[in-house]
Amino acid sequence: MKKISFLRHAKSDWALPFASDHDRSLAERGKNASQQMKEFFSSKKELFEIVFSSTAMRAVETIEIVRAALKNTDVIFNKDLYTFDDNVLIEIISRISDEYSSVLIVGHNPAIQEAVLRLSSANSPSELIYRIEAKYPTGAFSSLSSDISSWKHIGDTLFELTDFVCPKDLQK
């Protein structure tokens, strides 16, 4: 069984108009959302065996805030995850070692949103699918699972969407 989860980076800061897209950091709102997601992950019983993150500053800052809740899970930064293309994202996932059964990807839209929709089976809860079709906001998390034995089959297999949580869902 394989479980693939996605965390979109939190809200970035657009205050520096000449900063490159790759170098944009988190806005205060993004830092707060990342903290909320950290608390969400702290409350979850199941964790990830490994995390792969984009090297974009906003993704790095997001996972660094959340990381404390992931209980010593290794984070690997991969510049190829700085992509907005779901085909590239799925190709990267297909190359993950099969020693890992539960993986978290930290990256960008529209790649994450399109990959989740493309991988989700008809058995997935329709209310989650509708929410993701409408919007995959910054800081949002989703999780999918399948009984495949190898990541190389990710593009050929549909997964059941089991979770979709946005920072706004967690506000008190």
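Heads up: the structure comes first, above all this text.
Residues numbered from 1 in each chain as written. Predicted model: local features only at pLDDT ≥ 70, side-chain atom pairs only at ≥ 80, totals over all residues. Heavy atoms only, no water.

Q: Give a description of the pairing of strand 5 (residues 141-146) that names residues and reports values.
A: Burial within strand 5 is extensive, with six of its six residues counted as buried. A two-sided burial pattern is seen for strand 5, the buried positions comprising Phe141, Ser143 and Ser145 on one face and Ser142, Leu144 and Ser146 on the other. With five bridges connecting them, strand 5 and strand 6 (residues 160-165) associate as antiparallel partners. Each bridged residue has a counterpart across the sheet, and for Ser142 the counterpart in strand 6 is Phe164. (Buried < 20%, exposed > 50% of the residue type's maximum accessible area, 1.4 Å probe, protein only. Helix = DSSP H or I, 4+ residues; strand = E, 2+ residues; numbered from the N terminus. Pairing = 2+ DSSP bridges.)

Q: Tell me about a positive patch on the surface, residues and numbers included.
A: A cluster of basic residues, Lys11, Arg29, Lys135 and Lys168, forms a positive patch on the protein surface. Looking at where Lys135 falls in the secondary structure, it is placed in the loop between helix 5 (126-134) and strand 5. (Patch = residues over 30% accessible without salt bridge, like charges linked within 9 Å, V, L, I, M, F, W, Y side chains within 5 Å. Areas by Shrake-Rupley, 256 points an atom, 1.4 Å probe, with all protein chains shown as cover. Salt bridge = Lys/Arg side-chain N within 4 Å of Asp/Glu carboxyl O. Lys, Arg positive; Asp, Glu negative; His and termini not counted. Charge placed at Lys NZ, Arg CZ, Asp CG, Glu CD.)

Q: Before we move on, can you summarise the layout of surface pockets with the specific residues and values?
A: In this model, the largest pocket occupies a volume close to 440 Å³. Of the residues forming the lining of the largest pocket, the biggest block, five residues, is contributed by helix 1 (residues 28-43). Classifying every residue of the lining of the largest pocket gives six nonpolar, eight polar and seven charged. (1 Å grid on protein atoms, 1.4 Å probe; cavity = no way out; pocket = protein on both sides within 12 Å on 5 of 7 lines; lining within 4 Å. Points joined across faces, edges and corners; volume = space filled by probe spheres on them. Nonpolar A, V, L, I, M, F, W, Y, C, P; charged D, E, K, R; others polar.)

Q: So what about the packing of helix 3 (residues 86-94) against helix 4 (residues 111-119)? Which residues, and what values?
A: Following both chains from N to C, one finds helix 3 and helix 4 inclined at 70 degrees, their axes separated by 8 Å at the closest point. On the basis of their axis angle, the class for helix 3 and helix 4 is roughly perpendicular. Crossing geometry of helix 3 relative to helix 4 is assigned as right-handed. Contacts between helix 3 and helix 4 involve Asp86, Asn87, Leu89 and Ile90 from the former and Ala111, Ile112, Glu114, Ala115, Arg118 and Leu119 from the latter. (Axes fitted to C-alpha atoms, helices over the stretch in contact; angles between N-to-C directions. Parallel < 35°, antiparallel > 145°, perpendicular 65-115°, else oblique. Left-handed = near helix turned anticlockwise from the far one by under 90°. Contact = heavy atoms within 4.5 Å.)

Q: Run through the packing of helix 4 against helix 5, naming residues and quoting values.
A: Relative orientation of the contacting elements helix 4 and helix 5 amounts to 150 degrees, with a least axis distance of 10 Å. In terms of orientation, helix 4 and helix 5 fall into the roughly antiparallel class. When the axes of helix 4 and helix 5 are compared, the crossing they make is left-handed. Contact with helix 4, carried on its side by Gln113, Val116 and Leu117, involves Ile129, Ile132, Glu133 and Ala134 of helix 5 and no other residues of that element.

Q: Pulling in residues and values, what's your account of the packing of aromatic side chains?
A: Each aromatic ring pair is specified by the distance between its two centres and by the angle formed by the two planes. Overall, the coordinates contain seven aromatic pairs when judged by the stated rule. A network of ring pairs unites the aromatic residues Phe40, Phe41, Phe48 and Phe141 as a single cluster. (Phe/Tyr/Trp six-rings, centres within 6.5 Å; stacked < 30°, edge-to-face > 60°.)

Q: Describe the pattern of salt bridges, naming the residues involved and giving the relevant values.
A: Throughout the structure, instances matching the rule amount to eight salt bridges. Residue Arg118 is joined to Asp86 by a salt bridge in which the shortest nitrogen-to-oxygen separation is 3.0 Å. Of this pair, Arg118 sits in helix 4 while Asp86 sits in helix 3, placing them 32 residues apart in sequence. With a shortest N-O distance of 3.2 Å, Glu91 and Arg95 are connected by a salt bridge. For Glu91, a relative accessible area of 41% corresponds to the partly exposed category.

Q: Pulling in residues and values, what's your account of the nonpolar core?
A: With 30 residues, the main nonpolar core has Ile4, Phe6, Leu89, Ile93 and Ile105 as its most contacted residues. Contributing elements (two or more residues each) for this core: strand 1 (2-8), strand 2 (50-53), helix 3, strand 4 (102-107), helix 4, helix 5 and strand 6. For this core, the element with the most residues is helix 4, which contributes five residues. Once residues lying within four places of it in the same chain are set aside, the contact partners of Ile93 are Ile4, Phe6, Ile105, Trp151 and Ile154. Counting residues in each nonpolar core, the second largest holds 16 residues, with Met37, Leu104, Phe141 and Val165 among its members. (Core = buried A, V, L, I, M, F, W, Y, C linked by side-chain atoms within 4.5 Å.)

Q: Explain helix 4 residue by residue, including any values.
A: Among all positions of helix 4, only Ala111, Ile112, Gln113, Ala115, Val116 and Leu119 are buried. On its buried face, helix 4 sits against strand 1, helix 3, strand 4, helix 5, strand 5 and strand 6.

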